Amino acid sequence: MSWLAEARPVEIEPSIYAADFSRLGVQLEALHVAGARVFHFDAGDGHFIPEITIGPVVAASIAPLVRGWGAKLDCHLMVAEPEAHFEAIAKAGGDSVTFHVEACDDPPRAIAAARALGLGAGVAFNPETPVGDAVAAAPGADLVLCMSIHPGYSGQSFMPEALDRIAELRAALAPEARLQVDGGVNRDTARAARSAGADLLVAGSAIFWGDDVGAAYRELAEALA
């Protein structure tokens, strides 16, 4: 069963890629205390995106902490040939994998492969990709991720045109499907994305690039209350 069966109606997911890795455990614990129950884990391979980010070794180091808190590790694979990495994510302690339609020739097969490993499954799509491509790949997935930036480095600004794409996606998806947005999410854009139909909001720099990650998380939560 996917972790989304237990998820709250709206989840703010701190994006670990934006963290201070010299203080990663401390920051994650502060976020848990502040109310975070799902952590977003971005893996990039230097092929699908230019950046090489973090991978299963880092996931394995934090998964015992996350699981000890009863929280979840939602893994976003910005990689070529995503299915080749599902097993490593599962062994590292990830709870779900989200792959990009642009990097996957057979989404139903990928979703089935994730399920066979006990993982939840999500489908992501880039700003240039038609919403219809994501909708076509969505049957059987737990969530669909609408990128509101170009996937890669943290700190990019939210693309305003993403709001129309979120609304279009929400109208086309099954009612039970969760709609995630990732990129440039802050107090103002989180409210706009939520109004457009998103219910899983990934926030990186808005949470991790300030002095107090817990306070930043609570500020976002209050904005969406």
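In what follows, the structure referred to is the one given above.
What you see is a predicted model; the values in this text were computed from it and never measured.

A. Structural detail: the side chain of Gln-156. On the secondary structure map, Gln-156 appears in the loop between β6 (143–147) and α6 (162–172). In this structure the side chain of Gln-156 is engaged in a polar contact, spanning 2.8 Å, whose partner is the backbone oxygen of His-150. Apart from the residues lying within four places of it in its own chain, the contact partners of Gln-156 are Ile-149, His-150 and Gly-184.

B. Focus on empty space enclosed by the protein. A full pass over the atoms with the stated rule returns 1 cavity of 30 Å³ or more. One number sums up the size of the largest cavity: a volume of about 180 Å³. Residue lining of the largest cavity: 21 residues in total, with Ser-15, Ile-149, Ser-154, Asp-182 and Gly-183 positioned closest to the centre. For the lining of the largest cavity, the secondary-structure elements that each account for two or more residues are β3 (72–78), β8 (200–203) and α8 (205–208). When grouped by side-chain class, the residues that make up the lining of the largest cavity number 9 nonpolar, 10 polar and 2 charged.

C. Spatial organisation of the packing of aromatic side chains. Enumeration over the complete set of coordinates arrives at 2 aromatic pairs. Considering the side-chain rings of Phe-39 and Trp-69, the 6.3 Å spacing of their centres and the 50° angle between planes classify their relative orientation as tilted. Here Trp-69 lies in the loop between α2 (56–68) and β3 and Phe-39 lies in strand β2 (residues 38–44), a separation of 30 residues in the sequence. In this structure Phe-39 comes out as buried when scored by relative accessible area, which is 0%. Relative to Phe-99, the ring of Phe-86 lies with its centre 6.4 Å away and its plane at 40°, an arrangement referred to as tilted. Of this pair, Phe-86 sits in helix α3 (residues 86–92) while Phe-99 sits in strand β4 (residues 96–100); the two residues are 13 residues apart in sequence, bridging distant segments of the chain. Assigned by exposure class, Phe-86 and Phe-99 land together as buried.

D. Looking closely at the pattern of salt bridges. Counted according to the given criterion, the structure contains 8 salt bridges. In this structure, Arg-67 engages Asp-95 in a salt bridge whose closest nitrogen and oxygen atoms are separated by 3.6 Å. Of this pair, Arg-67 sits in helix α2 while Asp-95 sits in the loop between α3 and β4, and the two are 28 residues apart along the sequence. For the salt bridge of Asp-188 with Arg-191, the shortest nitrogen-to-oxygen distance reads 2.9 Å. Pair noted here: Asp-188 and Arg-191 are both in helix α7 (residues 187–196), with a separation of 3 residues, about one helical turn. By relative accessible area, Asp-188 is classed as exposed at 52%.

E. Summary view of the nonpolar core. Counting 64 residues, the largest nonpolar core has Ile-16, Phe-39, Leu-73 and Ile-207 as the members making the most contacts within it. Aside from chain neighbours lying at most four places away, what touches Ile-16 is Phe-21, Leu-24, Leu-28, Phe-39, His-40, Phe-41, Ile-54, Ile-62, Leu-73 and Phe-208.

F. Geometry of the pairing of β8. Burial along β8 is two-sided: the residues Leu-200 and Val-202 and Leu-201 and Ala-203 are all buried. Where strand β1 (residues 11–14) lies against β8, 4 bridges are found, and the strand directions are parallel. Note that in β8 the partner of Pro-14 across the bridge is Ala-203. Sheet topology places strand β7 (residues 178–182) next to β8; 3 bridges connect them, and they run parallel. Among the inter-strand pairings, Val-181 is bridged to a residue of β8, identified as Leu-201.

G. Fine view of the sheet that holds β2. A sheet is described by the order of its strands in space; here 8 strands give the open sequence β1-β8-β7-β6-β5-β4-β3-β2, paired in parallel fashion. Each of the sheet's edge strands pairs with one partner strand only, and the pair in question is β1 and β2. Along the sheet, successive strands turn relative to each other by an average axial angle of 25°, direction set aside. Here 4 bridges tie β3 to β4, and the two strands are oriented parallel to one another.

H. Main features of the side chain of Asp-199. Along the chain, Asp-199 turns up in the loop between α7 and β8. Relative accessible area serves as the criterion here: at 9%, Asp-199 is assigned to the buried category. Side-chain polar atoms of Asp-199 contact the side chain of Arg-178, separated by 3.1 Å. Ignoring any residue separated from it by four or fewer positions in sequence, one finds Asp-199 in contact with Pro-9, Val-10, Glu-11, Arg-170, Arg-178, Leu-179 and Arg-194.

About the criteria used
Residues numbered from 1 in each chain as written. Predicted model: local features only at pLDDT ≥ 70, side-chain atom pairs only at ≥ 80, totals over all residues. Heavy atoms only, no water. Helix = DSSP H or I, 4+ residues; strand = E, 2+ residues; numbered from the N terminus. Polar contact = N/O pair within 3.5 Å; in protein donor to acceptor, adjacent residues only side chain to side chain. Contact = heavy atoms within 4.5 Å. 1 Å grid on protein atoms, 1.4 Å probe; cavity = no way out; pocket = protein on both sides within 12 Å on 5 of 7 lines; lining within 4 Å. Points joined across faces, edges and corners; volume = space filled by probe spheres on them. Nonpolar A, V, L, I, M, F, W, Y, C, P; charged D, E, K, R; others polar. Phe/Tyr/Trp six-rings, centres within 6.5 Å; stacked < 30°, edge-to-face > 60°. Buried < 20%, exposed > 50% of the residue type's maximum accessible area, 1.4 Å probe, protein only. Salt bridge = Lys/Arg side-chain N within 4 Å of Asp/Glu carboxyl O. Core = buried A, V, L, I, M, F, W, Y, C linked by side-chain atoms within 4.5 Å. Pairing = 2+ DSSP bridges. Axes fitted to C-alpha atoms, helices over the stretch in contact; angles between N-to-C directions.

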